[in-house]
Amino acid sequence: MKEQKIEYDIIGMHCAACSARIENRLSKEEGIIDVAVNLALETGSVSYDSERISPDRIVDIVDKMGFQLIVKQEDTVSIDGLREEEYAKQKRLFLCSLILTLPLFWTMVTHFSFSSSWWIPKILLNPKIQWVLATPVQFFVGWQFYKGAYASLKSRNANMDVLVSLGTSAAYFYSVYLTILNWNSSSHIHLYFETSAMLITLILLGKLLEQNAKGKTSSAIKKLIGLQSKTAVVERDGKEETIPISDVVVGDILHVKPGEKIPVDAIVIYGNSAVDESMINGEPIPNDKEVGDFVIGSTVNKSGFLKIKAKKIGKDTMLSQIIETVKKAQSSKAPIQRIADKIAGIFVPVVMTIAAITFVAWYVWIDQGNFSRALENMISVLVIACPCSLGLATPTAIMAGSGRAAEYGVLFKGGEYLENAYRTNTIVLDKTGTITEGKPALSTVVIKNISEESFYQYVYSLEKCSEHPLAQAVVEGFEKSKKLDVIPLDDFENLSGYGVGGHVFGNEIWVGNRKLMLSKKIHFEEEDEILQLEETGKTLVFVAINGELSGYMAISDTLKESSKSSIEQLKKLGIDVIMMTGDHITAAREVASKVGIDTVIADVLPEEKADEIGKLQKQGKIVSMVGDGINDSPALATADVSMAIGTGTDIAMETADITLMRGDLESVYDALLLSKHTMRIIKQNLFWALCYNSIGIPLAASGCLLPWIAGAAMACSSVSVVTNSLRLQRIKLS
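Residues numbered from 1 in each chain as written. Predicted model: local features only at pLDDT ≥ 70, side-chain atom pairs only at ≥ 80, totals over all residues. Heavy atoms only, no water.

The chain goes by P-type Cu(+) transporter in an unreviewed UniProt entry, where it is assigned to Filifactor alocis. Under Sequence similarities (unreviewed entry), UniProt gives the following word-for-word description of the chain: "Belongs to the cation transport ATPase (P-type) (TC 3.A.3) family. Type IB subfamily." The Catalytic activity (unreviewed entry) field of the UniProt record for the chain holds the comment "Cu(+)(in) + ATP + H2O = Cu(+)(out) + ADP + phosphate + H(+)". (UniProt positions renumbered as here; feature names shortened; annotations may be inferred.)

Written as structure tokens, this is what we have:
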């Protein structure tokens, strides 16, 4: 099996029944693995076995259902242009419908017993004139509903178009029948031309308002795309030239003047400056950059002139990856949406049955023989029961919520992670790089039983081979005070979670933590100085040469400024906060006490971190893990929700469900708070959508709603759901 995935833009969906119909039809096709359709974004993604089905076949299936699939490609005309054309077309149709409907609306008062028609122009009371006005609305403006209904029924399904077509056609053709029956009569006839025309006009108005509101929910993507640079100044053959950003290649030398955007992700090779990276990390204070530093594309060079060497271009840049992450999140489904999908799949047939029962009940029993009243109530049921609001309840909130999160530097990889984060009741925090700055510095060196020169040379040569942050701190500390050369090693061994070892000039050397010393049976006395250093929160690295303790080094790490206040905020949300680290328990507890953490899991190896997460989950806890290093990856993968500090490694960020670009614990609080707000909005939307139909259908069936009022209520329901979701874009976080 060769699994592939393809993404589409979808033209022609009108309601949740449409999206459910596409999913159900494709899911039954041989070779289709998974289908997800997003009504709010009007997009879909299909995973399929390329050996059993082709993309052309997928497009053909959906085209026959009455929808248009357009494959998403970077270098094609933007789908936004097509949607803008469709919006403009619908606007013209609405204006045409409104002009023809207003005279018919004027005559509606004659339907009420208390009204007098003396002030209504007589020509408008003429059935033939009403017929002339209503016909273009019914068949020119409303043709899209007939077309959609035909395609829906052809595929043995029913959607909103079927309900609208049935309701308006019943009113229109019954009025035609009465007009022909009373062709030469001079008496006033109770017609329903205005009902069919007003329903179509109001539904179009609702769709226009809904489309406009839906566009605002995806504004975050448009803002991010707008940040991208369009051109770059490149140095080629000793000359400067301005080229399109798409022509930049890896290795190009680019010039960036003060006030200009940095075109691509790059390394500074000349100059120094302050760079505004607020669009990535949300921090208003620019970061100083000098030769050797990494700069991010689309950030702003504030002061000095820079020469940079392009490292990542196109889809590989950080901004492009952020845009892609937000797009995936907005087009994904939260598990709670399954409720709406199941209801939408059976909703229209159920409503048609209720409408038929309503007609029969009124005509046969309630108001015997009164065809007009029975017809009115049936039309009201058909029109008010459109499942649009139900289909928009979840995706619009996911779009608005994930977009707002991106503005604060919180990237959700999918809607399911928004929902899972909301359920979190326990957070496990890694220490180094998460609670602390992750930039440990050497503070103390104690040497025993060996010359200072040999100690420094041996340890430096071993630690130089390691990429561990503590090893780098030792190397940097030694280099600041000594001029050292790397001695060739006879062999080298990296013991994850313990330290490093090897042979230098025939001497067996081990450099690492207390567990490494114990595993190698190195004996050392618990000196008071060692205990004092550990009690102040410093991490100790021990050195053993030829089976004997030869010294130790103390390494300290500073706390992030926001750690203590952020942990207090998390506790106020009712969340248990736990710190997990490979450090010694004494040092770990010292750090935990400074930030207000009561529960500490210490002395754990990288592979044991995942086991500790599992233990918490067995206690019934919903666990979020926050980390930044490669050694956190197993724990991140095990947790119910994983968050990676954006300043950490690429592996941790790829493993995590949520990436925190700001690199501090305030982002953890922001992610959980926004998740809670988003889920609250989703539940409100679903409640009102279900409530609307639960109340509206019985009211319509009981004769309490005129058809045009039912049509207006239906249009308002969709708009209200989208508008409620838009409230997420105004939420203030930290």
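So, next bit.
*Asks:* Sorry if this is basic, but what is going on with the domain arrangement of the chain here?
*Replies:* Frequently, the measure chosen for interface size is the accessible area that the parts lose on association. Its domain assignment divides the chain into domain 1 (3-77), domain 2 (83-229 + 316-424 + 640-733), domain 3 (249-312) and domain 4 (438-558). Relative to domain 4, the C-alpha centre of domain 1 lies at a distance of 58 Å. (Domains from an automatic or database assignment.)

*Asks:* I would appreciate a short explanation of the sheet that holds strand E22 (residues 576-580) in the present structure.
*Replies:* Hydrogen bonding along the main chain pairs the strands of a sheet, whether they run parallel or antiparallel. On the basis of which strands lie adjacent, the open sheet formed by seven strands has the order E14-E26-E25-E24-E15-E22-E23 and mixed pairing. Lying at the two open borders of the sheet, with one neighbouring strand each, are strand E14 (410-412) and strand E23 (599-601). Neighbour-to-neighbour, the strand axes of the sheet open up by a mean angle of 20 degrees, direction not taken into account. Pairing of strand E24 (residues 623-627) with strand E25 (residues 641-645), which is carried by four bridges, proceeds in the parallel orientation. Opposite Ser 624, over in E25, you have Val 641 as the bridge partner. Most of the contacts of helix H22 (residues 585-595) go to E23, to which it runs at about 145 degrees, and overall it touches E22 and E23. (Pairing = 2+ DSSP bridges. Helix = DSSP H or I, 4+ residues; strand = E, 2+ residues; numbered from the N terminus. Axes fitted to C-alpha atoms, helices over the stretch in contact; angles between N-to-C directions. Contact = heavy atoms within 4.5 Å.)

*Asks:* When you look at the UniProt feature "transmembrane region" (unreviewed entry) in the chain in this model, what are you seeing that I'm missing?
*Replies:* According to UniProt, the feature "transmembrane region" (unreviewed entry) maps to residues 93-114, 129-146, 158-177, 189-209, 343-366, 378-398 and 685-702 in the numbering used here. Helix makes up 90% of residues 158-177 and strand makes up 0%, while its end C-alpha atoms are separated by 27 Å. In residues 685-702, the share of helix is 94% and the share of strand is 0%. The end C-alpha atoms are 26 Å apart.

*Asks:* What is the right way to read the sheet that holds strand E1 (residues 3-11) from this model?
*Replies:* Overall, antiparallel pairing links the four strands, which are arranged E2-E3-E1-E4 in an open sheet. The sheet is open, and its two borders are formed by strand E2 (32-38) and strand E4 (68-71), each paired with just one other strand. On average, each strand axis in the sheet is tilted by 30 degrees relative to the strand beside it, whichever way the strands run. When E2 meets strand E3 (residues 43-49), the two strands line up antiparallel, connected through six bridges. Its bridge partner being in E3, Asn 38 is matched across the sheet by Thr 43. Its contacts with the sheet put helix H1 (residues 16-27) on E1, E2 and E3, and the angle it makes with E2 is roughly 175 degrees.

*Asks:* Help me understand the pattern of salt bridges, please; the structure alone is not making it clear to me.
*Replies:* When the charged atoms of two side chains with opposite charge come close together, those side chains can pair. Applying the stated criterion across every chain yields a total of 19 salt bridges. Residue Glu 30 pairs with Arg 52 through a salt bridge whose shortest N-O separation is 3.6 Å. Here Arg 52 lies in the loop between E3 and helix H2 (55-64) and Glu 30 lies in the loop between H1 and E2, a separation of 22 residues in the sequence. A salt bridge links Lys 64 to Asp 60; its shortest N-O distance comes to 3.4 Å. Remark: Asp 60 and Lys 64 occur in helix H2; sequence separation between them is four residues, near one turn of the helix. Connected through salt bridges with shared partners, the residues Arg 25, Glu 29, Arg 57, Asp 60 and Lys 64 form a single ionic network. (Salt bridge = Lys/Arg side-chain N within 4 Å of Asp/Glu carboxyl O.)

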